Amino acid sequence: MPQQTNESDELPCLEKSVLAAFRSRRPEIGSIAMSAIATLYLLMLTNNSFWSRAVAYFDHAWIAMLSLGAALGLTTFSILTSLSMKYVMKPVLILLIVISAAASYFTDTFGVVIDKGMIGNAAVTTEAEAGHLLTGGLALHLALYALIPSLLITWVKVRHRRFFAKAAVNFLFIAPALVLSGVLIYANFAGIAYALREHRDLMLRFNPAGPISSAVRYGLSTYRERNLVVRPLGTDAKEGARIATAGKPVVVVVVAGETARAMNFSLNGYDRETNPELKALGVVNYRDTTSCGTATAVSLPCMFSVYPRGEYSDWKARSSENLVNVLTHAGVSVTWWDNNTGSKGIADLINFASMTHRKNSPLCNNGECLDEIFLADLDKKLGATTNDSVIVLHQLGSHGPSYYLRYPEAFRRFTPDCRTPELMSCTTEEIVNAYDNTILYTDHILASVARLLEKHQDRIAGAMIYMSDHGESLGENGIYLHGAPYAIAPKEQTQVPFIAWFSKPYQTAMGVDAACLSTDADTPKSHDNLFHTVLGMMDVQTGVYNRSLDAFAACTRPTERKNEAPDYHAAESGLRAGPGGVL
């Protein structure tokens, strides 16, 4: 009697048959050929930004440009071939393709450069911020340029020689490739060197070498800072005679803006009325102010650091106390309220509160809040303040690419506005409209802060100072967002608004002449001024104060400053020791 089989017994056989058929149809390829194909793929399909910039930078020096491209291709081929060992080759190729595909999306879509600073920005980004970048466009790009090639690499069978035979054959390909690469560079050295010297961003755009080298540099920098010791700064600080006799608490609100560019402020001549409320208040506005960096991770610590931009480094900032600590040494009560991604270490030693964790607030959604979240708490704090105080408000401001989420419906004045983080799906007009709405909303927030200080002027002498951390590109020259290397950053990313407002009790108590300040509106200012200006606003006497960098000093009746130093170098002593005693 024939043995019966049931359907469940047949399924494993069917699966085995399909698997066998799949394996029998797998193409085979040698490891050298696989390295060459992968090199061509990376060079030609994940480096659109590199090639487009190269064409512009080499300016018809075609031979030099093609020689650089060929040299990079030969070098990439050599590296891939040297890593073409069994069990190593496929994971390495897949990793490099995924890195290149992801990097190419951001460089091609937003025109950004993935340097060390950009890696740092990515490392500290919040889940909410990252969510705005995880779009359908990114998913499609990764599917086409990462997933499909990775599946093909997994499917293809790669032939490998025995170890010593493989090493010998690989050498026969690697050595000539590297020699030829060197010859090409040497023969066209003048043209290549000139282009790379004048346009340092070009190699940062080359995938996957650019983002990998930037990540390594960031990792080494982070490792170097593992034993960093923060040295005291301004421990001699004390309040001066003027603030001691003010008759009421002096309160300065420092608003650290986010992604606001000066050219879109109507106070600076923009043809749209984006600052109606500030205009009505008669604020002091500085029309030519330069940022320290083009990303929050650089600019924010630099703004609060004693070091001017020309001397600033991340290491120096992290190894020294900052403005808020000097104020604390002087006996000033300092509070930091954050509606962004944190203080970047600035507020580690003072009272800090994050607004983004508020629950059940109509102003908050998915871990992000509108900047109005500050106002109710600020009103309460001003009503209860009994000490000289500095309150820092770190805005979410105009942070992109989801500009439309930065303002409520009531401030959706400029339409049609881009209602998606995928900026490529919006027109330039829609992007600018959305961005201008964020500036209009920031105008309202700043004016509201000033009005709250005015509301409580019977019991406090209040003032407000506002600076944005950096600007924003909205598609000019094919560049979006921010974070460009400073050497090549467009003015849209480095020109920022700088605004101040003083209540009448503050002007009287602290000897500030607001009318005099307005006559200085066109004098260039920068983030270098914030540290010393705030110390001056609080009449803090210390050896780290530099009157020449106090933006308001010329229009403030001076008081005696016995401990005043001529420049910031007085603060640098003792700040250079790090791991191994080397800066």
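Please read all numbers here as calculations on a predicted model, not as lab measurements.

A. Broad picture of the overall build of the chain. A count of helices and strands for the chain gives 23 helices and 17 strands. Principal-axis analysis of the C-alpha atoms gives the chain an extent of 105 × 65 × 45 Å. Put simply, of all contacts in the chain between residues at least 6 apart along the chain, 77% involve residues at least 24 apart. Counting only carbon and sulfur atoms, one obtains 59% of the accessible surface of the chain, whose full area is about 26100 Å². In the chain, which carries 50 positive and 54 negative side-chain charges, the distance between the mean positions of the two groups comes to 8 Å.

B. The arrangement of helix α23 (residues 528-537) in detail. With ten of its ten residues buried, α23 lies for the most part within the structure. Every buried residue of α23 is accounted for by Asp528, Asn529, Leu530, Phe531, His532, Thr533, Val534, Leu535, Gly536 and Met537. In the stretch just after α23, Asp539 is the one whose phi turns positive, near 50°.

C. View of the nonpolar core. By size, the foremost hydrophobic cluster in this structure holds 58 residues, and its most contacted members are Phe304, Leu327, Phe502, Tyr506 and Phe552. If sequence neighbours within four positions are ignored, Phe552 has contacts with Tyr286, Ile465, Phe498, Ala500, Phe502, Leu517, Thr533 and Met537. Phe265, Met355, Phe414 and Val432 belong to the second largest nonpolar core, which has 55 residues in total.

D. Just the sheet that holds strand β4 (residues 250-257), in detail. Read across the sheet, seven strands follow the order β5-β15-β12-β4-β11-β7-β8 without closing on themselves; strand pairing throughout is mixed. In the strand order of this sheet, the two ends are held by β5 (284-286) and β8 (351-354), each with one partner. This sheet shows a mean twist of 15° between the axes of neighbouring strands, independent of strand direction. Examined bridge by bridge, β5 and strand β15 (residues 498-502) share three bridges and lie antiparallel to one another. Bridge assignment links Tyr286 to a residue of β15, and that residue is Phe498.

E. Focus on a nonpolar patch on the surface. Where nonpolar side chains cluster on the molecular surface, the patch consists of Ile79, Leu83, Met85, Tyr87 and Val88 and spans about 470 Å² of accessible area. Mapped onto the elements of the fold, Met85 is located in the loop between α4 (62-82) and α5 (89-110).

F. Spotlight on the pattern of salt bridges. Scanning all chains against the criterion turns up 17 salt bridges. In this structure, the salt-bridge partner of Glu28 is Lys157, at a minimum N-O distance of 3.8 Å. Within this pair, whereas Glu28 is found in strand β1 (residues 28-30), its partner Lys157 is found in strand β2 (residues 157-159), the two being separated by 129 residues in sequence. On the basis of relative accessible area, Glu28 is assigned to the partly exposed category, the value being 44%. Of the charged contacts, one joins Asp436 and Arg272 as a salt bridge, the two residues approaching to 2.7 Å between their closest N and O atoms. In this pair, Asp436 is assigned in helix α19 (residues 428-455) and Arg272 in the loop between β4 and α14 (276-281), connecting sequence segments 164 residues apart. Connected through salt bridges with shared partners, the residues Glu409, Arg412, Asp417 and Arg419 form a single ionic network.

G. Representation of the packing of aromatic side chains within the structure. Counted under the stated rule, the structure contains 15 aromatic pairs. Between Phe50 and Trp51, the ring centres sit 5.2 Å apart and the planes meet at 75°, which makes this aromatic pair edge-to-face. Judged on exposure class, the residue Phe50 and its partner Trp51 are both buried. Judged by centre distance (6.3 Å) and plane angle (90°), the ring pair of Tyr105 and Phe110 falls under edge-to-face. Comparing Tyr105 with Phe110 shows no difference in burial state: the two are buried.

H. Structural view of the packing of helix α3 (residues 48-58) against α4. At their nearest, the axes of α3 and α4 sit 9 Å apart, and the two run at 145° to each other. Every pair of crossing elements has a handedness; the one defined by α3 and α4 is right-handed. Residues Phe50, Trp51, Ala54, Val55 and Phe58 of α3 touch α4, and the partners they reach there are Trp62, Ala64, Met65, Leu68, Gly69 and Leu72. Looking at the contact of α3 with α4 residue by residue, the class counts come to ten nonpolar, one polar and no charged.

I. Region of the structure containing helix α10 (residues 189-198). Taken together, the buried positions of α10 are Ile192, Ala193 and Ala195. Seen from one end, α10 has its buried residues packed into an arc of 165°, which puts them on one side. The inward-facing, buried residues of α10 contact α3, α4 and α9 (163-187).

J. Structural detail: the pairing of strand β12 (residues 461-468). Among the eight residues in β12, eight count as buried, and that is most of the element. Burial along β12 is two-sided: the face carrying Ala461, Ala463, Ile465 and Met467 and the face carrying Gly462, Met464, Tyr466 and Ser468 are both buried. Pairing between β12 and β15: five bridges, direction antiparallel. Bridging across to β15, Ala463 finds its partner in Phe502.

K. Local environment of the packing of helix α18 (residues 373-384) against α19. Viewed as axis vectors pointing N to C, α18 and α19 meet at an angle of 20°, and their least axial separation amounts to 10 Å. With respect to α19, the axis of α18 lies roughly parallel. In this structure, α18 meets α19 at a crossing whose hand is right-handed. Touching Leu375, Leu378, Asp379 and Leu382 of α18 are Ile445, Ser448, Val449, Leu452, Leu453 and Lys455, all from α19. In terms of residue class, the contact of α18 with α19 is built from seven nonpolar, one polar and two charged.

L. Broad picture of the confidence of the model for the chain. For the chain, the mean per-residue pLDDT works out to 91, and 91% of the residues sit at or above 70. Predicted confidence for residues 565-583 stays below pLDDT 50, and this span has 39 contacts to residues more than four positions away or in other chains.

M. Molecular detail of unusual backbone geometry. Cis geometry is found at the peptide bond from Asn207 to Pro208, where omega equals 0°. By the element assignment, Pro208 lies in the loop between α11 (201-204) and α12 (209-224). Here the residue pair Thr415 and Pro416 is connected by a cis peptide bond, since its omega of 0° sits within 30 degrees of zero. Positive phi values are uncommon outside glycine, yet Tyr87 reaches one of about 75°.

N. Examining the environment of Gly475 more closely. By the element assignment, Gly475 lies in the loop between β13 (473-474) and β14 (480-481). Gly475 sits in the partly exposed class, given a relative accessible area of 23%. Considered as a pair, Gly475 and Gly111 are 364 residues apart in the sequence and their alpha carbons are 8.7 Å apart.

About the criteria used
- Residues numbered from 1 in each chain as written.
- Predicted model: local features only at pLDDT ≥ 70, side-chain atom pairs only at ≥ 80, totals over all residues.
- Heavy atoms only, no water.
- Helix = DSSP H or I, 4+ residues; strand = E, 2+ residues; numbered from the N terminus.
- Contact = heavy atoms within 4.5 Å.
- Areas by Shrake-Rupley, 256 points an atom, 1.4 Å probe, with all protein chains shown as cover.
- Lys, Arg positive; Asp, Glu negative; His and termini not counted.
- Charge placed at Lys NZ, Arg CZ, Asp CG, Glu CD.
- Buried < 20%, exposed > 50% of the residue type's maximum accessible area, 1.4 Å probe, protein only.
- Core = buried A, V, L, I, M, F, W, Y, C linked by side-chain atoms within 4.5 Å.
- Pairing = 2+ DSSP bridges.
- Axes fitted to C-alpha atoms, helices over the stretch in contact; angles between N-to-C directions.
- Patch = residues over 30% accessible without salt bridge, like charges linked within 9 Å, V, L, I, M, F, W, Y side chains within 5 Å.
- Salt bridge = Lys/Arg side-chain N within 4 Å of Asp/Glu carboxyl O.
- Phe/Tyr/Trp six-rings, centres within 6.5 Å; stacked < 30°, edge-to-face > 60°.
- Left-handed = near helix turned anticlockwise from the far one by under 90°.
- Nonpolar A, V, L, I, M, F, W, Y, C, P; charged D, E, K, R; others polar.
- Arc of directions from axis to C-beta.
- Parallel < 35°, antiparallel > 145°, perpendicular 65-115°, else oblique.
- pLDDT = per-residue confidence, 0-100.

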